[in-house]
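# Report on the structure
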Amino acid sequence: MWFKQLSFYRLTSESIHETDKLAAALEKSPFQHCGGLDWFGEGWVAPASHLDSPVFTARDCQLLSLKREDKVLPAGVIRDFVEQKVQEIEEKELRKVGRKEKLALKEQVTDDLLPRAFVRTHRTTAYLDCRRGWMMVDSGTASKAESLVSKLREALPPFPAALPRTKLAPHTAMTDWLAAGEAPYGFELDADCELKDGSENGAVIRCTRMDLTADEIRQHIATGKQVTRVGLIWQEKVRFMLTDTLQLKRIQFLDVLQEEASQAGDDRESLFEATFTLMSEELGELVEALIEALGGLEDSQASPETVSTPAPTGQIAVPAANGSDEKLPWD
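Reference entry: report on the structure contained in this document. Every chain is numbered on its own, with residues counted from 1 as its sequence reads. In keeping with the predicted nature of the model, local features appear solely for residues at pLDDT of at least 70, side-chain atom pairs appear and are counted solely at 80 or more, and the whole-chain, interface and lining totals rest on all residues. Hydrogens and water are ignored here; the side-chain numbers use all heavy atoms of the structure.

## Quick look at helix α8 (residues 268-293)
Given 3.6 residues to a turn, an α-helix orients residues that are three or four positions apart in the same direction. The end-to-end C-alpha distance of α8, which contains 26 residues, comes to 37 Å, matching closely the 38 Å that a straight helix rising 1.5 Å per residue would cover. Secondary structure elements follow DSSP: runs of H or I of four or more residues count as helices, runs of E of two or more count as strands, with numbering from the N terminus. Positive backbone phi, at 90°, marks G295, one or two positions downstream of α8. One fewer than the residue count of a helix, multiplied by 1.5 Å, yields its expected span.

## So, the nonpolar core
To define a nonpolar core, start from buried Ala, Val, Leu, Ile, Met, Phe, Trp, Tyr and Cys residues and group those joined through side-chain atoms within 4.5 Å. Think of it in three bands: residues with accessible area under 20% of the maximum for their type are buried, residues over 50% are exposed, and the middle band is partly exposed, with areas taken using a 1.4 Å probe on protein chains only. Within the largest apolar cluster, 53 residues are counted, with the highest numbers of intra-cluster contacts made by V230, F240 and L242. If you tally residues by element for this core, the top one is α8, at ten residues. Domain boundaries shown here were taken from an automatic or database domain assignment. Both domains that meet at this core, namely domain 1 (6-73 + 116-162) and domain 3 (170-298), each give it at least three residues. Among all residues touching V230, those that are not within four sequence positions of it are M174, L178, L189, D192, C193, L212, F240, M241 and L242. Ranked by size, the runner-up nonpolar core spans 23 residues in total, among them Y9, L22, V55 and A145. The contact criterion used throughout is that any non-hydrogen atoms of two residues lie within 4.5 Å.

## Here we look at the packing of aromatic side chains
Side-chain rings of Phe, Tyr and Trp, where Trp is taken by its six-membered ring, are said to pair if the distance between their centres is within 6.5 Å; with planes under 30 degrees apart they count as stacked, over 60 as edge-to-face, and otherwise as tilted. One pass over the structure, following the stated rule, counts eight aromatic pairs. With centroids separated by 5.7 Å and ring planes inclined at 55°, the aromatic side chains of F3 and Y127 adopt a geometry described as tilted. Within this pair, whereas F3 is found in the segment before β1 (7-11), its partner Y127 is found in strand β5 (residues 118-129), the two being separated by 124 residues in sequence. Judged by its relative accessible area of 1%, F3 falls in the buried class. Centre to centre, the rings of F56 and F276 are 5.8 Å apart; their planes meet at 65°, and the pair counts as edge-to-face. With F56 in strand β3 (residues 56-58) and F276 in helix α8, the pair connects residues that are 220 residues apart, well separated along the chain.

## Overview of unusual backbone geometry
For the peptide bond that leads from P157 to P158, omega is -15°, which places it in the cis range. In this structure, P158 sits in the loop between α4 (142-155) and β7 (161-162). Even without being a glycine, R209 presents a positive backbone phi close to 50°. Inspection of the secondary structure puts R209 in the loop between β9 (204-207) and α6 (215-222). Judged by relative accessible area, R209 falls into the exposed class, the value being 74%. Positive phi, normally seen in glycine, also occurs at L246, with a value near 60°. Overall, the relative accessible area of 4% leaves L246 in the buried class.

Have a look at this one:
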């Protein structure tokens, strides 16, 4: 249940608050096994085995799960079967098999082998934080996260999700943090980072289990290297690696949260709900604080109140979204 990676999107509409509407839309595209000549199959499933609906709701958060099956048919296996058939034809008919005939044989072999191929299965889980206006995807791979967003757009067109656009580029902010030897409020520097030279064939420096406030780190920054990844700890509860593409990787929910979830009850239903509630609350607060540390969202994704009125000391302004362009300003 605990997310291990995180890609997040700004929700740009309030219509997704309707749980029944979302569940009904996802039920129209249930998961189906890939059979016959299908290379893959995907669809929505219940987020946990004890649930019947494709949407689980707790405290304004809607949890959902996309399941996908892919046929595994290595190119080397196809090539071996094709070569075997080519050899049989040439020996039997005493002629050379041409290129077009080999392509036809390849298609035939693929169709013959596909129904017998092994199947690889994976799930991508996400939830909609309707109160804060975020969609959180348990994936550190952009393509998998975008695939889930695309399926949601098919189910609820046009699904209102956009990549967050912050006023300060992540790599700029992370470089400033390490140069100053201090993380923003609520965060602590951990012990891992990655720095890259800005030139076309620039060097890459990876630091592991190292004091990130050391002079050696600042020397690399002084020579023009920029931080592309940095390890952070959020309020002594969550450890993660922040990337320059605004993704969270290697997320670890520390013992204090896991112990709190385990005290919710002995049955799996209570434990599942408690874990999801705690996780969604912490990730929601973490993302809000992270966006604030990056200067806030661009005006096109922030409400007029957020643009004109700064947050009081010790609080975080929660922007409301109204933009939909997914191009990152720092790409």
